[in-house]
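Remarks on the overall topology
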There are 2 protein chains.
Amino acid sequence: MTTNILDRLKSNPSCLSKSERKVAQVILNDPNKAIRSSIASLAKSADVSEPTVNRFCRSLDCTGFPDFKLKLAQCLATGTPYVNRNVEPNDRVEDYTSKIFEATMSAVSDAKRSIDINALSRTVDALSQARRIGFYGLGASGSVAMDAHHKFFRLNTPCSAYTDALQQRMAAAAAKPGDVVVIISITGRTISLVETARIARESGATVIALTTPHSPLAENCHILLGVDSQENTDIYINMTSRIVYLTILDVLATGVTLKLGPEFQSHLKRIKTVLAEMRFSSSPTD
Amino acid sequence: MTTNILDRLKSNPSCLSKSERKVAQVILNDPNKAIRSSIASLAKSADVSEPTVNRFCRSLDCTGFPDFKLKLAQCLATGTPYVNRNVEPNDRVEDYTSKIFEATMSAVSDAKRSIDINALSRTVDALSQARRIGFYGLGASGSVAMDAHHKFFRLNTPCSAYTDALQQRMAAAAAKPGDVVVIISITGRTISLVETARIARESGATVIALTTPHSPLAENCHILLGVDSQENTDIYINMTSRIVYLTILDVLATGVTLKLGPEFQSHLKRIKTVLAEMRFSSSPTD
DNA sequence: TGTCATATTGTAGTAAAATTACTTAAATTG
DNA sequence: CAATTTAAGTAATTTTACTACAATATGACA
């Protein structure tokens, strides 16, 4: 994704001249006003000439003022007007709530843009032909693996989740060709998981990694579902990556279900009916 | 939020005249082109006059053409240009991937708008003063509970996750005043969980429910963290609510951490260091 | 069916906006 | 402290959006 215009404005003393910085300042003061202003009024507010505003837009890789307004408007609309603001000690509840929700949305949106459709497609193929499926995760990714298991066990392929390093190792060693092993790790650097991936490969299983690109785990799998963790925001990485992973697993489960075709829907319906009996009335799965 | 302009365009044969509909059609064909067009070129593409385009904008509650472009641009940027389209049998990978990602984003965005800050704040208070914390969930919410446990166990309050109905019942019965019980359920109608909530209340624990408003569970707790499940889209409910719940738990964990104050940060840092030793190098928690 | 009334669309002109080309001012460097 | 480069402004041009008005179409009713 081309970097957010607002961010560039905030962090760019270089590349802008003195008067251009005045323009930037005025825009940052009230971006929502800026997108509705004409070049003339903006120039007046910043106390510079109109062409200066125009040149300012060009230095930000826009073709002109209208183009700049458009891009600014879009970046304001993303709901993340000042993306990646970190939570700060004195934030009130509403402050950090907004920040976390926004960070989550922007992570999902980034992932949507950067996900490798081809890898996704090959994964759906592998999963729908699998003899058995295993989801492997430790720590925060452990619950992701459990969640994936809960999704996939309703399909008719045998399926397990392993959230313990030793179990994982044993399961990987016991894997056979035709098995699919999905390894989930935010860092992709946990030694035992990378080992597990290697073992699973040696056993002949298809190894799929849901992890950060270029990590050791990413280098040791057959299919990589890579998710770039956001550059700057340390704090949010754990929160947001996990959510992105869950979403990707939703996509995979959906893909496999579609592949299994319509005669399979009745099978799912039966499960729903059984679950409904546990309820005061109606509806889905907790 | 004012209803999305694109949606209005798609579903509005009324309120638009014949020529105005021609304009709408051209815009829907390539909205991204439309936001960069002048009124003249757009009028030409739609084979109508310029004032017609202008009148078209006015009938959509815009002050004029530039205003319309702005709103359209923003709604395209939201990433949810065609919200809530359901997955269909013949969707290609890229189709259902987009749909699921978009549904997720819009669910998070809706939740952000509708979440009760006051309830959130009281929950943070309760959690940070708790003698011990339990997270209860079954099915898909089971992994949410596990995840919450993984987040909270790093804070110094004793904390557990229960994902088994029997365990939950026993833990609820054993609860004491000062304990906080967080019950997670998408439907809020699972009989055993509603029972568990009642038992926990009787034991004197503070019961917090992360569930659908107006459900039996919602009526049986001290603090309700309600998340409306999306109206129409049946299929997505399970996927998206779970993600919203996780996000809310992120907010809670952040809130509690902030409340515990700065002298606590070193404690967290120590955990990170220990984890780092399990890695090929650097960084967070799987 | 013809006439009037209303609604819809288009034409032409105007004001405003954005951009260009050019000039002046400031800053940098040998 | 000149010479050259860079930055900023002035004024003219082009493009854009809008207004007022005219023309055409649509429809209701005698």
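Just above sits the structure.
A brief structural summary.

Procedures and definitions
Residues numbered from 1 in each chain as written. Chains lettered and ligands numbered in written order. Predicted model: local features only at pLDDT ≥ 70, side-chain atom pairs only at ≥ 80, totals over all residues. Heavy atoms only, no water. Helix = DSSP H or I, 4+ residues; strand = E, 2+ residues; numbered from the N terminus. Buried < 20%, exposed > 50% of the residue type's maximum accessible area, 1.4 Å probe, protein only. Contact = heavy atoms within 4.5 Å. Areas by Shrake-Rupley, 256 points an atom, 1.4 Å probe, with all protein chains shown as cover. Salt bridge = Lys/Arg side-chain N within 4 Å of Asp/Glu carboxyl O. Polar contact = N/O pair within 3.5 Å; in protein donor to acceptor, adjacent residues only side chain to side chain. Nonpolar A, V, L, I, M, F, W, Y, C, P; charged D, E, K, R; others polar. Near = heavy atom within 4 Å.

**Points about the overall build of chain A**
Helices and strands together make up the secondary structure of chain A, namely 14 helices and five strands. In chain A, which comprises 286 residues, the share counted as buried stands at 55%. When contacts within chain A are restricted to residue pairs at least 6 apart in sequence, those whose partners lie at least 24 apart make up 68%. Split by element, the accessible area of chain A, about 12,400 Å² in all, is 52% carbon and sulfur.

**Considering the interface of chain A and chain B**
Contacts between chain A and chain B engage 72 residues on the former and 73 residues on the latter. Counting across the chain A and chain B interface gives eight salt bridges. The salt bridge involving Arg242(A) is made with Asp147(B); its shortest N-O contact spans 2.2 Å. Remark: the boundary between chain A and chain B carries 14 residue pairs in polar contact (both at pLDDT 80 or more). Where the side of chain A that touches chain B is concerned, the elements lending two or more residues are helix H6 (65–77), helix H7 (93–114), helix H8 (117–129), helix H9 (140–152), strand E3 (179–185), helix H11 (191–203) and helix H13 (234–260) of chain A. In terms of residue count, H7(A) provides more of the side of chain A that touches chain B than any other element does, 14 residues in total. Partitioning the side of chain A that touches chain B into residue classes produces 37 nonpolar, 21 polar and 14 charged.

**Some remarks on the protein's contact with DNA strand D**
Around DNA strand D there are 19 residues in total, and Ser17(A), Ser19(A), Arg55(A), Ile39(B) and Asn54(B) lie nearest to it. The sugar-phosphate share of atoms of DNA strand D within 4 Å of the protein amounts to 68%. In this structure, a phosphate oxygen belonging to DNA strand D sits 3.0 Å away from a main-chain N or O atom of Ser49(A). At the level of secondary structure, the elements contributing two or more residues to the surface near DNA strand D comprise helix H2 (18–29) and helix H5 (50–59) of chain A together with helix H5 (50–59) and helix H6 (65–77) of chain B. When residues in the surface near DNA strand D are grouped by element, the largest group, four residues, is from H5(B).

**Quick look at the protein's contact with DNA strand C**
Contacts to DNA strand C come from 20 residues, most closely from Ile39(A), Asn54(A), Arg58(A), Ser17(B) and Ser19(B). Backbone atoms, meaning sugar plus phosphate, form 72% of the atoms of DNA strand C positioned within 4 Å of the protein. Here Ile39(A) contributes a backbone N or O atom positioned 2.3 Å from a phosphate oxygen of DNA strand C. The backbone of Phe65(A) places a nitrogen or oxygen atom 3.0 Å from a phosphate oxygen of DNA strand C. Listed by contribution, the elements that provide at least two residues to the surface near DNA strand C are helix H4 (39–46), H5 and H6 of chain A together with helix H2 (18–29) and H5 of chain B.

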